[in-house]
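This is what each chain is made of:
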Amino acid sequence: MSGKTDKKLSTIYREVHPDHFPKNMEIRFYDDQMSQRLLFEKVQWSINGEEKGLRYGENPDQEAALYKMINGNLCLGEVECINPGRYLASDIELLQSGKHPGKINITDADSAMNILKYLDDSPSAVIMKHNNPCGAAKADSLSDAYHKALMADRIAAFGGAVALNRPVDKPTAEAIAESYSEVVLAPDFLEGTVDILSGRKNLRIMRIQNMENLGAFADQRFVDFSSMMDGGIVAQWSYQSRIRKASDFMPAETEYKGKSYRIKREPTQQELDDLLFGWLVESGVTSNSVLYVKNGVTVGIGTGEQDRVGVAEIARDKAYRKMQDRLAWERHGLPWHQLEDPETKNKIIEEVRHENGGLKGGVMISDAFFPFRDGVDVGIHEGIRAVVQPGGSLRDFESIEACNENDVSMVFTGQRSFRH
């Protein structure tokens, strides 16, 4: 092999590269009818008396810079871009940096807030990793929401970004400090909580005061840019969920070859709450995706697969594995793979099987329609009680029939929720 490096690989992740990106950036949109421009300023933090920007990009050998919009706006048709000055992830306040943020830390924080903006009504927690939620939960208290989100996938949450939509109190700070996280972000940190969290020296503690108004961002659009390898750019308006409350769902019904099909059983109130929560979390999951929710907590999340039945199976399998690990941790203080007593392991396995990995009585969420019934059949076999999907397949009747045969409810959104 010809590739060589004089550096120890373990030191690469501790390096900080000075970036050569300019201090300011301008994006201009113009044609014969209009001319509009957006002005941006590079973000830097004072780290040990030195001004530093992003640590690095997606990998340590990629220079990167973060910019915040400081002037201008964009209005296309009847859609207006978010006004400058309403900063979130682009202008975080670092209460503790340890290793100051890199691109992934910022984008994980941003992706988490893109979910939390829809969950303003309850104390909620999202733990993000590689631009996908490991777990998400809502509860009556912030500490309970965090604990449920963590236990949804404790293993994946290791080194993740914890995002909270309420000021951090001491019980929540103490719970976060027990595990390893890269980032914790919240609208504020109550007295004494930063001291508790500071026990984790490399934890980036991010205060984003504008998170207090996060719910208002649910009705705001921003321009979403994607760059291509030839230097081209795709610009699109950001996704916005049209489903904000249970009454926005539509009954699952369709017509095929002159015959009408309609779902027979309406969802219960608890099912509607879980369907709504799951659909809003789904907006922050990489497509193709399917997830399962029960009692306001994600149970299994399947992301980024090419086929819908496959991702439904992946989410199911993760639910079984994560429940095994959760029970091992809660009862014996050990991860599943460290349990050695066969009898203890068998008891947990039997309990997980009996509860179908926690899926029994839960709901199933899909970001696009099911082209065949085999996708919903995966969830139905595990005892889910309701399904939400966009609808629109020529063979929606198959999924409706599958649900009716098993007394399972289904609603449509009329909107796809892809995220690439």
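Predicted model, so just to flag it, every value in this text is computed and none were measured.

Peer 1: Whenever I open this one, the pairing of strand S21 (residues 363–366) confuses me. Can you help?
Peer 2: A regular strand carries its side chains on alternate faces of the sheet. The side-chain alternation of S21 yields two buried faces, one formed by Val363 and Ile365 and the other by Met364 and Ser366. Judged from the 3 bridges that link them, S21 and strand S22 (residues 386–389) form a sheet pairing that is parallel. The residue bridging Val363 from the neighbouring strand is Ala386, located in S22. Between the parallel pair S21 and S22, the chain is carried across by helix H9 (residues 374–381), and the sense of this crossover is right-handed.

Peer 1: Could you clarify how one ought to interpret the pairing of strand S18 (residues 259–262) in this entry?
Peer 2: Where strand S17 (residues 253–256) lies against S18, 4 bridges are found, and the strand directions are antiparallel. Paired with Tyr256 across the strands is Lys259, a residue of S18. In sequence, S17 turns back onto S18 through a hairpin of 2 residues, with Lys257 there showing a positive phi of about 50 degrees.

Peer 1: Can you help me understand the side chain of Ser366 in this one?
Peer 2: In this fold, Ser366 is placed in strand S21. Assessed through its relative accessible area of 0%, Ser366 is described here as buried. Within the structure, the side chain of Ser366 is placed 2.7 Å from the side chain of Arg308, a separation counted as a polar contact. Here Ala368 takes part through its backbone oxygen, which lies 2.6 Å from a polar atom of the side chain of Ser366. Those residues in contact with Ser366 that sit more than four places away from it in its chain are Trp279, Glu282, Ser289, Val290, Arg308, Val388, Gln389 and Pro390.

Basis of the calculations
Residues numbered from 1 in each chain as written. Predicted model: local features only at pLDDT ≥ 70, side-chain atom pairs only at ≥ 80, totals over all residues. Heavy atoms only, no water. Buried < 20%, exposed > 50% of the residue type's maximum accessible area, 1.4 Å probe, protein only. Helix = DSSP H or I, 4+ residues; strand = E, 2+ residues; numbered from the N terminus. Pairing = 2+ DSSP bridges. Right-handed = clockwise from strand over helix to strand, strands pointing away. Polar contact = N/O pair within 3.5 Å; in protein donor to acceptor, adjacent residues only side chain to side chain. Contact = heavy atoms within 4.5 Å.

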